[in-house]
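Fold and contact review
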Amino acid sequence: MRVEEAIGRQIARLRAERRISLTELGEAMGRYLDRPWSRQAVHQAERGQRSFTAAELTALALVLDTSVPVLFRAEDDGIELPGGAVSPEDYRGILLNREPDMPLDGVEELIVALHDIGEVLARPALARLARIGRVADQVAGPDHGRDG
């Protein structure tokens, strides 16, 4: 996946979570840029069909109430750059603060880990297994698994 596509997916996801229309997002971008984005420009961005300036990424993060690194997140896909592919591990690593003297380094890693855990817990198969486990506990009774 190209990096623009990864950013576009995050824009679409965050916009949907915040219940913002394409037009509303474009208009809000105008507060931070010299002019608003059209509905079509937002749609192109979400489809990964445009490159982004630093100012645009900053405006997107402000409008979507997130951080710039969140906009760059990719699921488990590698990222394609013009010169070649970047592994998912290396790509995730660049989103973390690698400076050893920066106090937020561990917090950023924790945030990424929590995001990954949330993605796993949201899987339908895991939810079904959790329901099966709760039913099994109910059938087994309250003393199941205790030493007597």
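The coordinates are above.
Details of the packing of aromatic side chains
In this description, an aromatic ring pair is defined by two values, namely the gap between the centres and the angle between the planes. Evaluated as defined, the whole model comprises 0 aromatic pairs. Over the face of the ring belonging to Trp-37 we find Arg-50, whose NZ or CZ atom lies 4.3 Å from the ring centre.

Observations regarding the nonpolar core
One recurring pattern in soluble globular proteins: nonpolar side chains tend to sit buried together. The biggest cluster of nonpolar side chains holds 28 residues, and the ones touching the most others in it are Ile-11, Leu-25, Trp-37, Phe-52, Leu-60, Leu-64 and Leu-71. Broken down by secondary-structure element, the contributors of at least two residues to this core are α1 (3–17), α2 (22–29), α3 (39–46), α4 (54–63) and α5 (68–71).

With respect to a nonpolar patch on the surface
Taken together, the side chains of Leu-114, Ile-117, Leu-121, Leu-126, Leu-129 and Ile-132 present a nonpolar region at the surface, about 580 Å² in accessible area. Contributions of two or more residues to the nonpolar patch are made by α7 (105–121) and α8 (124–140). Secondary-structure assignment places Leu-126 in helix α8. When its relative accessible area of 31% is taken as the criterion, Leu-126 is described as partly exposed.

A closer look at the environment of Val-68
Counting through the fold element by element, Val-68 comes out in helix α5. Given the relative accessible area of 28%, Val-68 is considered partly exposed. The spatial distance from the C-alpha of Val-68 to the C-alpha of Leu-57 is 6.4 Å, given a sequence separation of 11 residues. Val-68 has contacts with Leu-57, Thr-58 and Ala-61, leaving out every residue within four places of it along the chain.

Topic: unusual backbone geometry
Despite not being glycine, Arg-19 has its phi angle at roughly 55°, a positive value. Mapped onto the secondary structure, Arg-19 falls in the loop between α1 and α2. Not every positive phi belongs to a glycine, and Asp-65 is a case in point at roughly 55°. Relative to the helices and strands, Asp-65 resides in the loop between α4 and α5.

Regarding the side chain of Gln-10
Among the structural elements, Gln-10 can be located in helix α1. At a separation of 2.7 Å, a polar atom in the side chain of Gln-10 contacts the side chain of Arg-13. Once residues within four sequence positions are removed from consideration, Gln-10 is found in contact with Val-70, Leu-71, Arg-73 and Glu-75.

Looking at the packing of α2 against α3
Running from amino to carboxyl end, α2 crosses α3 at an angle of 100°, the nearest separation of the two axes being 8 Å. With respect to their mutual orientation, α2 and α3 come out roughly perpendicular. For the pair α2 and α3, contact is made by Leu-22, Thr-23, Leu-25 and Gly-26 and by Arg-39, Val-42, His-43 and Glu-46, respectively. Across the contact of α2 with α3, the residue classes break down as 3 nonpolar, 3 polar and 2 charged.

A few points about the side chain of Arg-15
Mapped onto the fold, Arg-15 is located in helix α1. Polar contacts involving the side chain of Arg-15 include one to the side chain of Glu-46, which spans 2.4 Å. Setting aside chain neighbours within four positions, we find Arg-15 in contact with Ile-20, Ser-21, Leu-22, Leu-25, Glu-46 and Leu-64.

Some details on the pattern of salt bridges
Applying the stated criterion across every chain, the model contains 6 salt bridges. Taking the shortest distance from any N to any O, the salt bridge between Arg-18 and Glu-17 comes out at 3.4 Å. In this structure Glu-17 comes out as partly exposed when scored by relative accessible area, which is 49%. Taken together, the shared-partner salt bridges in this structure form one network comprising Arg-2, Glu-4 and Glu-5.

Each value, and the rule that gives it
Residue positions within a chain follow its written sequence, with the count starting from 1. Where totals are concerned, whole chains, interfaces and linings use all residues; where local detail is concerned, this predicted model gives features only for residues with pLDDT of at least 70, and gives and counts side-chain atom pairs only at 80 or more. Each side-chain value is worked out from all heavy atoms of the structure, with water and hydrogens disregarded. Aromatic rings from Phe, Tyr and Trp, with only the six-membered ring used for Trp, were paired whenever their centres fell within 6.5 Å, and each pair was classed as stacked if the ring planes differed by under 30 degrees, edge-to-face if by over 60, and tilted otherwise. The criterion for a charge sitting over a ring is simple: Lys NZ or Arg CZ within 6 Å of the ring centre, and within 35 degrees of the ring normal. Working definition of a nonpolar core: buried Ala, Val, Leu, Ile, Met, Phe, Trp, Tyr and Cys residues. They are joined through side-chain atoms within 4.5 Å. For every residue, the accessible area obtained with a 1.4 Å probe (protein chains only) is divided by the maximum for its type, and the residue is called buried under 20%, exposed over 50%, and partly exposed between those limits. Here a helix means four or more residues in a row that DSSP labels H or I, a strand means two or more in a row labelled E, and each is numbered from the N terminus. Patch membership is restricted to residues that have no salt bridge and whose relative accessible area is over 30%. Joining uses 9 Å for like charges and 5 Å for the nonpolar side chains Val, Leu, Ile, Met, Phe, Trp and Tyr. Note that accessible areas follow from Shrake-Rupley with a 1.4 Å probe, and for residues the cover is restricted to the protein chains shown. The working definition used for a salt bridge is a side-chain nitrogen of Lys or Arg within 4 Å of a carboxyl oxygen of Asp or Glu. Contacts between residues were defined by any pair of non-hydrogen atoms, one from each residue, lying within 4.5 Å. Whenever two N or O atoms come within 3.5 Å, that pair is a polar contact, provided that in protein one can donate a hydrogen and the other can accept it, and provided that, for residues adjacent in sequence, both atoms are side-chain atoms. An axis is simply a line fitted to the C-alpha atoms; with a helix, the fit covers only the stretch in contact. Between two such axes, the angle follows the N-to-C directions and lies from 0 to 180 degrees. Should an angle fall under 35 degrees it is taken as roughly parallel, and over 145 as roughly antiparallel, whereas 65 to 115 is taken as roughly perpendicular and any remaining angle as oblique. All amino acids are sorted into three groups, where Ala, Val, Leu, Ile, Met, Phe, Trp, Tyr, Cys and Pro are nonpolar, Asp, Glu, Lys and Arg are charged, and the leftover types, Gly among them, are polar.

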